Amino acid sequence: MARMSSQKRIDLGTQMVDRWTAANQESDRSVRFVKDMLVRLGRGKSLSKRQREWYDSAVLTDPPKPQNEEL
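Computed from a predicted structure; not experimentally measured.

Draft legend 1. Quick peek at the overall build of the protein chain. Assigned secondary structure in the protein chain consists of 3 helices and 0 strands. If one aligns the C-alpha atoms of the protein chain with their principal axes, the spans along those axes are about 45 × 25 × 20 Å. Here the protein chain, with 71 residues, has 28% of them falling under the buried criterion. In the protein chain, of all internal contacts separated by at least 6 residues, the share reaching a separation of at least 24 is 55%. Accessible surface, the protein chain as shown: approximately 5400 Å² in total, 46% of it carbon and sulfur. With 14 positive and 10 negative side-chain charges, the protein chain shows a spacing of 12 Å between the two charge centroids.

As structure tokens, then:
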């Protein structure tokens, strides 16, 4: 993935959290991680290489579909 500014990462993270919250998946590990990294980015801190890799892959994923949508 191409280099990204911290503002672009914050925007993508916020959109990801909104999508997952709308799908009632806000307690998922990926969402909690992205929220933590958003706080870190908001404070002007940088992410480590592994944090950037996981963050970038997490913000591009969609929430999983429920197995039984009738419930």
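Still to come is the rest of the account.
Draft legend 2. Fine view of the nonpolar core. Core analysis: the biggest nonpolar cluster contains 15 residues, and Met16, Val17, Val34, Tyr55 and Val59 have the highest contact counts within it. At the level of secondary structure, the elements contributing two or more residues to this core comprise α1 (6-22), α2 (29-42) and α3 (49-59). The greatest single-element share of this core, amounting to 6 residues, is contributed by α2.

Draft legend 3. Quick look at the confidence of the model for the protein chain. Looking at the protein chain, pLDDT values average 89 and 93% of them are 70 or higher. Mean pLDDT per element in the protein chain: α1 is the minimum at 93, and α2 is the maximum at 95.

Draft legend 4. Examining the environment of Gly13 more closely. Along the chain, Gly13 falls in helix α1. Once the C-alpha coordinates of Gly13 and Val59 are considered, the two residues, 46 residues apart in sequence, prove to be 5.5 Å apart. Aside from chain neighbours lying at most four places away, what touches Gly13 is Val34, Leu38, Tyr55 and Val59.

Draft legend 5. A look at the packing of aromatic side chains. As enumerated under the stated definition, the model contains 1 aromatic pair in all. Residues Phe33 and Trp54 carry aromatic rings whose centres are separated by 4.2 Å and whose planes lie at 35° to one another, so their mutual orientation is tilted. Pair noted here: Phe33 is in helix α2 and Trp54 is in helix α3, with a separation of 21 residues, a long-range link. Judged by its relative accessible area of 13%, Phe33 is buried.

Draft legend 6. Fine view of the side chain of Arg9. Tracing the backbone through its elements, the reader meets Arg9 in helix α1. By relative accessible area, Arg9 is classed as buried at 11%. Excluding residues within four positions of it along the chain, Arg9 makes contact with Met4, Leu38, Leu41, Leu47, Arg52, Tyr55 and Asp56.

Cut-offs and rules
Residues numbered from 1 in each chain as written. Predicted model: local features only at pLDDT ≥ 70, side-chain atom pairs only at ≥ 80, totals over all residues. Heavy atoms only, no water. Helix = DSSP H or I, 4+ residues; strand = E, 2+ residues; numbered from the N terminus. Buried < 20%, exposed > 50% of the residue type's maximum accessible area, 1.4 Å probe, protein only. Contact = heavy atoms within 4.5 Å. Areas by Shrake-Rupley, 256 points an atom, 1.4 Å probe, with all protein chains shown as cover. Lys, Arg positive; Asp, Glu negative; His and termini not counted. Charge placed at Lys NZ, Arg CZ, Asp CG, Glu CD. Core = buried A, V, L, I, M, F, W, Y, C linked by side-chain atoms within 4.5 Å. pLDDT = per-residue confidence, 0-100. Phe/Tyr/Trp six-rings, centres within 6.5 Å; stacked < 30°, edge-to-face > 60°.

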